[in-house]
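# Commentary on secondary and tertiary structure
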Amino acid sequence: MTTAKKLLRVLAGEALDTPPVWLMRQAGRYLPEYRATREKAGSFLDLCYTPELAEEVTLQPIRRFGFDAAILFADILLVPHALGHDVRFVAGEGPRLDPIDERGGPGSLKPVDEIDEVLAPVYETVRRLSRSLPEEVTLIGFAGAPWTVATYMIAGQGTPDQRPAREMIYRDRAGFEALMERVTDATVHYLARQIEAGAEVVKLFDSWAGSLPAPLFDRYVTQPARTIADRLRAIHPQARLIGFPRGAGPRHRAYAEAAGMDAIAVDQQMPLAWARENSNGLPLQGNLDPLLMVVGGEALRSAVRDTVAALRGYPQILNLGHGITPEADPANVELVLETARGTADG
Ligand code: CP3
């Protein structure tokens, strides 16, 4: 089947003259219209679980900028929430969860077949988006990867070095692996439902992959990604996956070979010339420094040109190396799109 959607063409292996563009966290606090809808929703979780509002904030950056892809508005912490963790977003402090009892492991979590009681509104948001998005725009669903989700469940909050989760691996391997298994099962279920509802691509965010010691990376980053990809394709053979093992560094190569992804998203520390040769031929997504979205100007313009040029002739999706920050200037998003779309033959 041929498709006109640029992002799907790239995932199928095509190198386009001008790459499709979207930005991680493109719906967010740097946009005044997001802040207004967020205010109306009350809490962040209410925003995630109210389909009309989640649809609205997903569409806001598409209307304003004309990105090639929309990413479902939700959060990676909805899975722990649906598994029975109390999740709260404290203004100015980030997420707070009830930390799991290190000895009790995941015993207190709800069974996976009950998560839809909480997550059903997210599937409704996906269904709405699949009807309301312009036809050239690809709809991306997502989930956190098991390691990254587990770091929040174990610590009960974001941590600079994921120490509580790394400690649990050494102190209570069985409890840690039981937790990983439960999150993996929930993730397969959650992503399969998103695909049924109309997500054309799903992205697996392993934002803290880099903090695992080298001997544990394959077991807790690459293998869970592979399990999720295999099980998802057994349910939905058409599933398309983008993996984001942030901070992988040289472990990127083995991840690209073994994780079963259709494309790999890379952070801004990744040299693209190296990635081009070490990605098993898979399409690459990335990897502008999010700080440039605050700075703008010639620094941003030349970074866009260099990034596009580094992957010319190779299947590429232009994005940031991590999420856009609340301080970003929306005018700089326009600059990225203009510059990227003006780079053909350049
Ligand atoms: O990309 C998008 O536009 C889609 C929506 C999206 C959000 N979070 C919305 C959000 C996505 C894909 C995520 C993923 C996510 N959430 C990750 C993985 C990607 C990454 O950034 O590493 C992680 C680690 C989380 C967990 C999370 N959610 C944290 C640590 C925070 C607080 C930090 C912060 O930026 O405030 C959130 C809250 C959150 N998720 C916000 C948004 C727009 C801001 C909350 C608000 O509006 O008050």
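Read on for a plain summary of the structure. It should be emphasised that the depicted structure is a prediction, and the values quoted were computed from it without experimental measurement.

### Quick word on the overall build of the protein chain
If you tally the helices and strands in the protein chain, you get 15 helices and 9 strands. Taken over C-alpha atoms, the radius of gyration comes to 19 Å for the protein chain, in line with the 20 Å a tight globule of 346 residues would show. The principal-axis extents of the C-alpha atoms in the protein chain amount to approximately 60 × 45 × 40 Å. Here the protein chain holds 346 residues, and 58% of them are scored as buried.

### Brief notes about the environment of Ala-248
Counting through the fold element by element, Ala-248 comes out in the loop between β6 (241-245) and α11 (252-258). C-alpha of Ala-248 to C-alpha of Lys-6: the two residues are 242 residues apart in sequence and 27 Å apart in space. With near-sequence residues (within four places) excluded, Ala-248 lies in contact with Phe-217 and Asp-267.

### Observations concerning the packing of helix α14 (residues 297-310) against helix α15 (residues 330-341)
α15 packs onto α14 with a crossing angle of 40° between their chain directions and a minimal axis gap of 9 Å. In terms of orientation, α14 lies oblique with respect to α15. Seen from above, α14 lies across α15 with right-handed handedness. Note on element contacts: α15 touches α14 through Asn-332, Leu-335, Val-336, Thr-339 and Ala-340, opposite Gly-297, Leu-300, Arg-301, Val-304 and Arg-305. Residues belonging to the contact of α14 with α15 are distributed by class as follows: 5 nonpolar, 3 polar and 2 charged.

### With respect to the sheet that holds strand β1 (residues 69-71)
Reading across from one edge, β1-β4-β5-β6-β7-β8-β9 is the order of the 7 strands in this open sheet, with parallel pairing throughout. A strand with exactly one partner marks an edge of an open sheet, and here the two such strands are β1 and β9 (316-320). Across the sheet, the mean angle from the axis of one strand to that of its neighbour is 25°, orientation sign disregarded. The sheet contact formed by strand β7 (residues 263-265) and strand β8 (residues 284-288) spans 2 bridges and is parallel. Within β8, the position partnered with Ala-265 by the bridge is Gln-285.

### A short note on the site of the ligand
In the vicinity of the ligand, 21 residues are found, and the nearest of them are Arg-29, Tyr-34, Asp-75, Ser-207 and His-322. Backbone polar atom of Ala-27 to an oxygen atom of the ligand: 3.2 Å apart, as the coordinates give it. Residue His-322 places a side-chain N or O atom 2.6 Å away from an oxygen atom belonging to the ligand. Against a free-state accessible area of 880 Å², the protein chains account for coverage of 87% of the ligand. Taken together, the residues of the shell around the ligand sort by class into 14 nonpolar, 3 polar and 4 charged.

### A short note on α14
Taking 1.5 Å as the rise per residue, α14 with 14 residues should run 20 Å; its terminal C-alpha atoms sit 20 Å apart, in good agreement. Of the positions making up α14, those classed as buried are Leu-300, Ala-303, Val-304, Thr-307 and Val-308. Mapping the buried residues of α14 onto a view down its axis gives an arc of 125°, with all of them on the same face. As for α14, its buried residues are in contact with α12 (272-277), β8, α13 (292-295), β9 and α15.

### Details of the side chain of His-236
Note on placement: His-236 falls in the loop between α10 (214-235) and β6. Ignoring anything within four residues of it in the chain, the contact list for His-236 reads Ala-192, Ile-195 and Glu-196.

### Observations concerning the pattern of salt bridges
Across all of its chains, the model carries 23 salt bridges by this definition. Here Arg-193 makes a salt bridge to Glu-196, at a shortest N to O gap of 3.4 Å. Taken together, the residues span about one helical turn, with Arg-193 and Glu-196 both in helix α9 (residues 173-197) at a distance of 3 residues. Relative accessible area serves as the criterion here: at 30%, Arg-193 is assigned to the partly exposed category. What emerges from the salt-bridge pattern is a single network uniting Glu-52, Glu-55, Glu-124, Arg-127 and Arg-128.

### Points about the packing of aromatic side chains
In total, this model carries 9 aromatic pairs according to the counting rule given. Ring geometry for Phe-44 and Phe-73: centres 5.8 Å apart, planes at 75°, overall edge-to-face. With a gap of 29 residues between them, Phe-44 in helix α3 (residues 44-49) and Phe-73 in the loop between β1 and α5 (78-82) connect regions that are remote in the sequence. A relative accessible area of 7% places Phe-73 in the buried class. A centroid spacing of 6.0 Å and a plane angle of 65° characterise the contact between Trp-147 and Phe-176, whose relative ring orientation is edge-to-face. With Trp-147 in helix α7 (residues 146-155) and Phe-176 in helix α9, the pair connects residues that are 29 residues apart, well separated along the chain. Each member of the pair, Trp-147 as well as Phe-176, is classed as buried. Put simply, the rings of Tyr-34, Phe-44, Phe-73 and Phe-89 touch in pairs and so form one group of aromatic residues.

Cut-offs applied
- Just so you know, the residues in each chain are numbered from 1, in the order the chain's sequence is written.
- Side-chain atom pairs in this predicted model are given and counted only at pLDDT of 80 or more, local residue features only at pLDDT of at least 70, and totals for whole chains, interfaces and linings cover all residues.
- Values reported for side chains reflect all heavy atoms of the structure, with hydrogen atoms and water molecules removed beforehand.
- Numbered from the N terminus, helices here are DSSP runs of H or I no shorter than four residues, and strands are runs of E no shorter than two.
- This radius of gyration counts C-alpha atoms alone. The globule rule is 2.2 Å times how many residues there are, raised to the power 0.38.
- Note on classification: 1.4 Å probe, protein chains only; a residue is buried when its accessible area is under 20% of the maximum for its type, exposed when over 50%, partly exposed between these limits.
- The contact criterion used is simple: two residues touch if any of their non-hydrogen atoms lie within 4.5 Å.
- Note on definitions: angles span 0 to 180 degrees between N-to-C directions of axes, and those axes are lines fitted to C-alpha atoms, for helices only across the stretch in contact.
- Here the angle decides the label: under 35 degrees means roughly parallel, over 145 means roughly antiparallel, 65 to 115 means roughly perpendicular, and every other value means oblique.
- Here a crossing is taken to be left-handed if its near helix is turned anticlockwise relative to the far helix by less than a right angle, and right-handed if that turn runs clockwise.
- Only Asp, Glu, Lys and Arg are considered charged in this grouping, and only Ala, Val, Leu, Ile, Met, Phe, Trp, Tyr, Cys and Pro are considered nonpolar; every other residue, Gly among them, is considered polar.
- At least two bridges found by DSSP between two strands is the condition for calling them paired.
- By convention in these notes, a residue is near a molecule or strand provided one of its non-hydrogen atoms lies within 4 Å of it.
- Each polar contact in these results corresponds to two N or O atoms within 3.5 Å; when the atoms are within protein, one needs to be able to donate a hydrogen and the other to accept it, and residues that are neighboring in sequence are counted only if both atoms are side-chain atoms.
- Note on areas: these come from Shrake-Rupley sampling with a 1.4 Å probe, and a residue is covered only by the protein chains present in the view.
- By definition here, a helix of n residues has an expected span of 1.5 Å times n minus one.
- For this quantity, the arc is that covered by the directions from the helix axis to the C-beta atoms.
- In the sections that follow, a salt bridge refers to a side-chain nitrogen of Lys or Arg positioned within 4 Å of a carboxyl oxygen of Asp or Glu.
- Ring geometry is summarised as follows: Phe, Tyr and Trp rings, the Trp one being its six-membered ring, pair when their centres sit within 6.5 Å, and such pairs are stacked at plane angles under 30 degrees, edge-to-face over 60 and tilted between the two.

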